[in-house]
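Residue-level structure breakdown
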Amino acid sequence: MKIRKEFLRVRHRTDGQRTEGAQELKSLFQYKSFRKYLHDIYLYEKNNSRGVTLTTFAKAMGMSGPAFQMITVGSRNLTVVHIHGICKALKMAPRERDYFEALVLKDQASDAEIRAYYQKRLSNLVQEGQVARVRTSDRRVLADWRIPALLIHLLDVEKVRS
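These notes cover the structure that comes with them. (Residues numbered from 1 in each chain as written. Predicted model: local features only at pLDDT ≥ 70, side-chain atom pairs only at ≥ 80, totals over all residues. Heavy atoms only, no water.)

1. Looking at the pattern of salt bridges
Pairing is possible between side chains that carry opposite charge, provided their charged atoms lie close to one another. Heads up, the condition is: A pair is scored as a salt bridge if a Lys or Arg side-chain nitrogen falls within 4 Å of a carboxyl oxygen belonging to Asp or Glu. A run of DSSP states H or I qualifies as a helix once it reaches four residues; a run of E qualifies as a strand once it reaches two. Both are numbered from the N-terminal end. Exposure classes here rest on a 1.4 Å probe applied to the protein chains alone. A residue is buried below 20% of its type maximum, exposed above 50%, and partly exposed in between.
Scanning the model with the defined rule gives two salt bridges in all. One salt bridge in this structure joins Lys-36 and Asp-40, with 3.0 Å as the shortest N-O distance. Of this pair, Lys-36 and Asp-40 both sit in helix α1 (residues 34-48), four residues apart, which is roughly one turn of that helix. We note a salt bridge from Lys-106 to Asp-107, for which the minimum N-O separation is 3.5 Å. A relative accessible area of 14% means that Lys-106 is categorised as buried. With relative accessibility at 29%, the residue Asp-107 sits in the partly exposed group.

2. Some details on helix α3 (residues 65-73)
Counted only if it meets this: Each C-beta atom gives one direction from the helix axis, and the arc is the one those directions make. Residues count as neighbours in contact if any of their non-hydrogen atoms are within 4.5 Å of one another. Residues adjacent in sequence count toward polar contacts only when both atoms are side-chain atoms; beyond that, a polar contact is any pair of N or O atoms within 3.5 Å, and within protein one must be able to donate a hydrogen and the other to accept it.
Regarding α3, the residues found buried are Gly-65, Ala-67, Phe-68, Ile-71 and Thr-72. The arc that holds the buried residues of α3, viewed along the axis, is 165°, so those residues lie on one side. Projecting away from the buried face of α3 at angles above 90 degrees are the exposed residues Pro-66 and Val-73. Elements in contact with the buried residues of α3: α1 and α2 (54-61). Capping the start of α3 is the job of one residue whose side-chain oxygen sits 3.2 Å from the backbone nitrogen of Ala-67: Ser-64. Once α3 finishes, Gly-74 follows within two positions and takes phi at roughly 95°, a positive value.

3. A word on the packing of α1 against helix α5 (residues 94-108)
Each packed pair of helices is defined by two parameters, the angle between the axes and the distance between the axes. Worth spelling out the cut-off: Think of each axis as a best-fit line through the C-alpha atoms, taken over the contacting stretch in the case of a helix, with angles from 0 to 180 degrees between the N-to-C directions. Geometric relationships in this document are graded by angle, where less than 35 degrees denotes roughly parallel, more than 145 denotes roughly antiparallel, 65 to 115 denotes roughly perpendicular, and other angles denote oblique. Throughout this entry, Asp, Glu, Lys and Arg are counted as charged residues, while Ala, Val, Leu, Ile, Met, Phe, Trp, Tyr, Cys and Pro are counted as nonpolar. The remaining residues, Gly among them, count as polar.
With their axes 9 Å apart at the nearest point, α1 and α5 run at an angle of 125° to one another. What the angle tells us is that α1 and α5 run oblique. On the side of α1, the interface is formed by Phe-34, Arg-35, Tyr-37 and Leu-38, while α5 contributes Phe-100, Leu-103, Val-104, Asp-107 and Gln-108. For the contact of α1 with α5, the per-class residue count stands at six nonpolar, one polar and two charged.

4. Here we look at the packing of aromatic side chains
As a reminder of what qualifies: Ring geometry is summarised as follows: Phe, Tyr and Trp rings, the Trp one being its six-membered ring, pair when their centres sit within 6.5 Å, and such pairs are stacked at plane angles under 30 degrees, edge-to-face over 60 and tilted between the two.
Using the criterion set out here, one finds eight aromatic pairs in the structure. Ring centres 6.1 Å apart and planes at 55° place the aromatic pair Tyr-37 and Phe-100 in the tilted group. A residue pair is termed long-range when its members are at least 10 positions apart, and Tyr-37 in helix α1 and Phe-100 in helix α5 qualify at 63 residues. Here the two residues Tyr-37 and Phe-100 agree in accessibility, since each one is buried. Relative to Phe-68, the ring of Tyr-42 lies with its centre 6.3 Å away and its plane at 65°, an arrangement referred to as edge-to-face. Residue Tyr-42 is found in helix α1, and its partner Phe-68 is found in helix α3; the two are separated by 26 residues along the sequence. In this structure Tyr-42 comes out as buried when scored by relative accessible area, which is 11%. Chaining the aromatic ring pairs together yields one cluster made of Tyr-31, Phe-34, Tyr-37 and Phe-100.

This is the structure:
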């Protein structure tokens, strides 16, 4: 069965803003379990796309329907190949890929020291995103009239070049 191009149109946001559509999907960075994240994405697509079944969704992720179900309930683990296949299918940005991979490896780690390592990595990835948002919306920067004027000028220069 061929998957339509618009099938995986996941609308999760990293900035906490609402997305268009009937159901809002939380940001990947709010999840503490990759299994819950995958389950929620499946439910989101099932509710917002026509013809989405467990089998078609799993095939888009590069696995069978029963394998996907076993992964989401915790009776089977993801391999590195599956991790990267899922990231590619969901069109994740590099930071999202890093977060998802660390989330999977933390959940699947058998050693407490390894889990602690990946937990710290997850925290660092979340903080990186928060720092970037604070810098772009810092009121002190925008309070000085010269900076917005400079940004507008740079945008106008870019328009002229193209």
